[in-house]
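Fold and geometry: a report
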Amino acid sequence: MKTQIDPNKYEKVFEKTDGLKNVKTHYCPGCGHGVVHRITMEIVKELDIQHKTIGIAPVGCSVFAYYYMNVDMQQAAHGRACAVATGIKRMLPDHYVFTYQGDGDLAAIGTAETIHACSRGENITIIFINNAIYGMTGGQMAPTTILGQKSSTSPEGRNPQRDGMPINMSEIVALLPGTVYVERVAVNKPGRVRKAKKAILKGFKAQALKKGTSFIEVVSNCNTNWKMTPVEANKWIDDVLLKQYPLGVFKDETGL
Amino acid sequence: MGEKLLMKGNYALAEAAIRAGCEGYFAYPITPQSEVGEYMSVHMPENGRVFLQAESEVAAINMLYGAAGAGFKVMTSSSSPGISLMTEGISYIAGAELPCVIVNVNRGGPGLGTIQPSQGDYFQSTKGGGHGDYRLIVLAPSSVQEIADLTYLAFDLAWKYRNPALILMDGALGQMMEKVEFKPYNEPERDISWATRGKTPDRDTNFITSLWIKPEEMEQVNLRLQAKYKEIEKNEVRYDAYNIEDAELIIVAFGLSARIASKSMNLLREKGYKVGLIKPITLWPYPYKILEKLANNERVKGFFVTELNSGQMVEDVKLGVNGRKPVGFYGRMGGMIYSPEEIVENIIPFCEEIGLKA
């Protein structure tokens, strides 16, 4: 028999934001994308900017973000999200424009577009999901793959002689005068998710200041391609990944 | 009548785009079209429009994608190697059905080539260029006046069909100074209900994409695109015809070559040859039908194609003629330009071959 729940007896502590569409996502169980989608769209609703927000979906696992996020969106060619966002923001300077990109998109094929959007100080928010691997194509090495990390194209572990060193994007873009706010966060623990939301919120608020680019790197997981359980993956972030990608604010000139 | 101005082709192009209501221009400098960007950098902001010099052609075409996807009238311009860099983005723009104008001031190739004029990008422009089954509307001006007129038309056709329109000219047209008169521009009504300007409560989200992962859906998108292309082929073919009423030989040439070939036509007529000229204005959709009609005319004994490449448009002429009459060809490559006399020298042996006498 189905249990009947009396809503009056309970306090509502969580509600799915209608900033997200009422559909199932294609993300793997345990993946961080769902969390970052949710907090981003909660922010859009809380700031009451749904009617003037335009998102850019990348190529990668989050390519279908426009089916999940309840805002107008454009799907960009691989790596070109920051250029597409620039085109929109220049035409609509009072709208809120954000990109949502993975490490292959932002830190490999799209490095030039990323660096130059940050260098020009485009008033956009860049949400960079760093899970240290290529998820969609099946677990190949990313520019962010750490030394020794196994992937399907570095099966013996990333070897600096052959594969080069991992790239730390937050540290790089923080050096550019065009960025106004750069923070690296993670979403592997509830407290960190709350911090990540605060960071993305500040990123969106920074757009109204028109003082430059806000860049939030989210260290996330890919338990499927890391070949771990979600719990193991979230632990590995703490034990290993954050040593390469330390959390924190690299730059904050927002005054917020 | 408007004022007649003496203007460089590249400046006339930029001015025409502004008069056609271009709201955003994104590009990267490259010879021989850098004057377009220089002009836009001054006159777009003066008119409250957006000018941005991108970090690359790759970025420029994607800025165009974003701005077009937000429902704005936008343009970029480049020259051959830059257009090659843009082709990925052009395929996405065609796939997402975004209206925009792209200008290629063609220079000699392949590779870095030369900065001198060429028509070597005919295949790239008319047969796709990037990946997938798509078409660009391709317009080929042959004078500074036509650059101005066809810039208006390029915006209108791009918006009428939500399809990228390409203006294919060459370095000589871009650099030459001629008189030009800017006609009054009448803005057609534009529907931007599909654009990403922010979701309002009365509608679902708009999204711009060229991704349809299910093959059943992707095929439907392709069928819709092909139906649109058929419609464009039906409605938008444009060409100029000179002296075809009594012509026994038809020269076919576009752009700068048509200018030179029209002089060759007159020289040949002075010698007693009955020569006409077909100048395609739309390179896609291509004016096959007039060629077919002329090929079916008993009086016409042959066709002669002249273009500044190794023989690219000649393939389309052969498709139109469809084996009914012989088709001759003469071209120069690598930035070299023929003189009218040089074309005449090469046409006369062809005339003899096909039994055509003065």
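The rules we used
Residues numbered from 1 in each chain as written. Chains lettered and ligands numbered in written order. Predicted model: local features only at pLDDT ≥ 70, side-chain atom pairs only at ≥ 80, totals over all residues. Heavy atoms only, no water. Salt bridge = Lys/Arg side-chain N within 4 Å of Asp/Glu carboxyl O. Helix = DSSP H or I, 4+ residues; strand = E, 2+ residues; numbered from the N terminus. Buried < 20%, exposed > 50% of the residue type's maximum accessible area, 1.4 Å probe, protein only. Phe/Tyr/Trp six-rings, centres within 6.5 Å; stacked < 30°, edge-to-face > 60°. Lys NZ or Arg CZ within 6 Å of the ring centre and 35° of its normal. Pairing = 2+ DSSP bridges. Axes fitted to C-alpha atoms, helices over the stretch in contact; angles between N-to-C directions. Contact = heavy atoms within 4.5 Å. Domains from an automatic or database assignment. Buried area = accessible area lost by both parts, 1.4 Å probe. Polar contact = N/O pair within 3.5 Å; in protein donor to acceptor, adjacent residues only side chain to side chain. Nonpolar A, V, L, I, M, F, W, Y, C, P; charged D, E, K, R; others polar. Expected span 1.5 Å × (residues − 1). Bend = angle between axes of the 7 residues up to and from the residue. Parallel < 35°, antiparallel > 145°, perpendicular 65-115°, else oblique. Left-handed = near helix turned anticlockwise from the far one by under 90°.

1. Description of the pattern of salt bridges
Evaluated as defined, the whole model comprises 38 salt bridges over all chains. With its nearest N and O atoms 3.4 Å apart, the salt bridge here joins glutamate 88 of chain B to arginine 80 of chain A. Pair noted here: glutamate 88 of chain B is in helix H4 (residues 80–95) and arginine 80 of chain A is in the loop between strand S2 (72–75) and helix H3 (81–91), and the two residues belong to different chains. Judged by its relative accessible area of 10%, arginine 80 of chain A is buried. Among the ionic pairs, lysine 202 of chain A bridges to aspartate 252 of chain A, the shortest N-O distance being 2.5 Å. Here the residue lysine 202 of chain A occupies a position in helix H8 (residues 190–209), and aspartate 252 of chain A occupies one in strand S7 (residues 248–252), the gap between them amounting to 50 residues. Residue classification places aspartate 252 of chain A among the partly exposed positions, given a relative accessible area of 32%. A cluster of three or more residues bridged by salt bridges with shared partners is formed by Arg38, Glu42, Glu46 and Lys197 of chain A.

2. A few points about the packing of aromatic side chains
Inspection of the entire model under this criterion finds 19 aromatic pairs over all chains. Aromatic rings pair up to connect Phe64, Tyr66 and Tyr67 of chain A together with Phe207 and Trp212 of chain B into one cluster. For arginine 162 of chain B, the ring lying beneath its charged end belongs to tryptophan 194 of chain B, and the centroid distance is 4.0 Å. The ring centre of phenylalanine 72 of chain B lies 3.9 Å from the NZ or CZ of arginine 197 of chain B, which sits over that ring.

3. Some details on the sheet that holds strand S12 (residues 275–280) of chain B
Residues and elements named next belong to chain B. In spatial order, the strands read S10-S12-S11-S14-S15; together these five strands make up an open sheet with mixed pairing. Of all strands in the sheet, those with a lone pairing partner are strand S10 (239–242) and strand S15 (327–331), marking the two edges. Looking at each pair of strands side by side, their axes are set apart by 20° on average, direction ignored. The strands that helix H9 (residues 255–270) touches are S10, strand S11 (249–252), S12 and strand S14 (302–307); relative to S12, the one it contacts most, it runs at about 170°. Where helix H12 (residues 340–353) meets the sheet, it contacts S11, S14 and S15, and its direction lies at approximately 155° from that of S14.

4. Structural notes on the domain arrangement of chain B
Residues and elements named next belong to chain B. When the domains of chain B are assigned, the result is domain 1 (4–235) and domain 2 (240–353). Distance from the C-alpha centre of domain 1 to the C-alpha centre of domain 2: 28 Å. Listed per partner, the contact involves 32 residues of domain 1 and 28 residues of domain 2. Surface buried jointly by domain 1 and domain 2 totals about 2,300 Å² across both partners, of which 58% is contributed by carbon and sulfur atoms. On inspection of domain 1 and its partner domain 2, the count reaches three salt bridges. Among the salt bridges present, the one from aspartate 316 reaches lysine 127, with a minimum N-O distance of 2.7 Å.

5. Let's talk about the interface of chain A and chain B
With 35 residues of chain A at the interface, the matching set in chain B holds 34 residues. When the buried area of chain A at its contact with chain B is split by residue, Asp72, Gln74 and Met91 of chain A rank highest and sum to 24% of it. Our count for the contact surface shared by chain A and chain B stands at four salt bridges. Put simply, aspartate 204 of chain B and lysine 21 of chain A hold a salt bridge, and the shortest N to O gap is 3.8 Å. Put simply, chain A and chain B have 15 residue pairs in polar contact (both at pLDDT 80 or more) between them. Among the elements of the structure, strand S1 (53–57), helix H2 (65–68), S2, H3 and helix H5 (111–120) of chain A are those that each provide at least two residues to the side of chain A that touches chain B. Examining the composition of the side of chain A that touches chain B, we find that seven residues originate from one element, H3 of chain A, more than from any other. In the side of chain A that touches chain B, the residues fall into 16 nonpolar, eleven polar and eight charged. Sheet topology note: the S2 of chain A/strand S9 (residues 207–208) of chain B ladder contains two bridges and is parallel. Within S9 of chain B, the position partnered with methionine 73 of chain A by the bridge is phenylalanine 207 of chain B.

6. Overview of the sheet that holds strand S5 (residues 179–186) of chain A
Hydrogen bonding along the main chain pairs the strands of a sheet, whether they run parallel or antiparallel. The eight strands lie next to each other as S7(A)-S5(A)-S6(A)-S4(A)-S3(A)-S1(A)-S2(A)-S9(B), forming an open sheet whose pairing is mixed. Of all strands in the sheet, those bounded by a partner on one side alone are S7 of chain A together with S9 of chain B. The strands touched by helix H1 (residues 33–46) of chain A within the sheet are S1, strand S3 (96–102), strand S4 (125–130) and strand S6 (213–219) of chain A, with S3 of chain A carrying the most contacts at an inclination of about 175°.

7. Concerning helix H2 (residues 34–46) of chain B
All names here are of chain B. Taking 1.5 Å of rise per residue, 13 residues should cover 18 Å, and H2 covers 19 Å from first to last C-alpha, within 8% of that figure. At methionine 40, H2 shows its maximal kink, close to 35°. Buried within H2 we find Glu35, Val36, Gly37, Tyr39, Met40 and Met44. Packing partners of the buried residues in H2 comprise strand S1 (4–8), helix H1 (9–19), strand S2 (24–27), strand S3 (50–53), strand S4 (74–78) and helix H7 (171–175). A positive phi of about 75° marks glycine 48, the residue just after H2.

8. Comments concerning the packing of helix H10 (residues 288–295) of chain B against helix H11 (residues 313–321) of chain B
Residue and element names in this part refer to chain B. Packing of H10 against H11 leaves a shortest axis separation of 7 Å and a crossing angle of 55°. By the angle between their axes, H10 is oblique relative to H11. With respect to the hand of their crossing, H10 and H11 are arranged in right-handed fashion. Contact with H10, carried on its side by Tyr288, Leu291, Glu292 and Ala295, involves Asp316, Val317, Leu319, Gly320 and Val321 of H11 and no other residues of that element. Its residues placed into classes, the contact of H10 with H11 shows six nonpolar, one polar and two charged.

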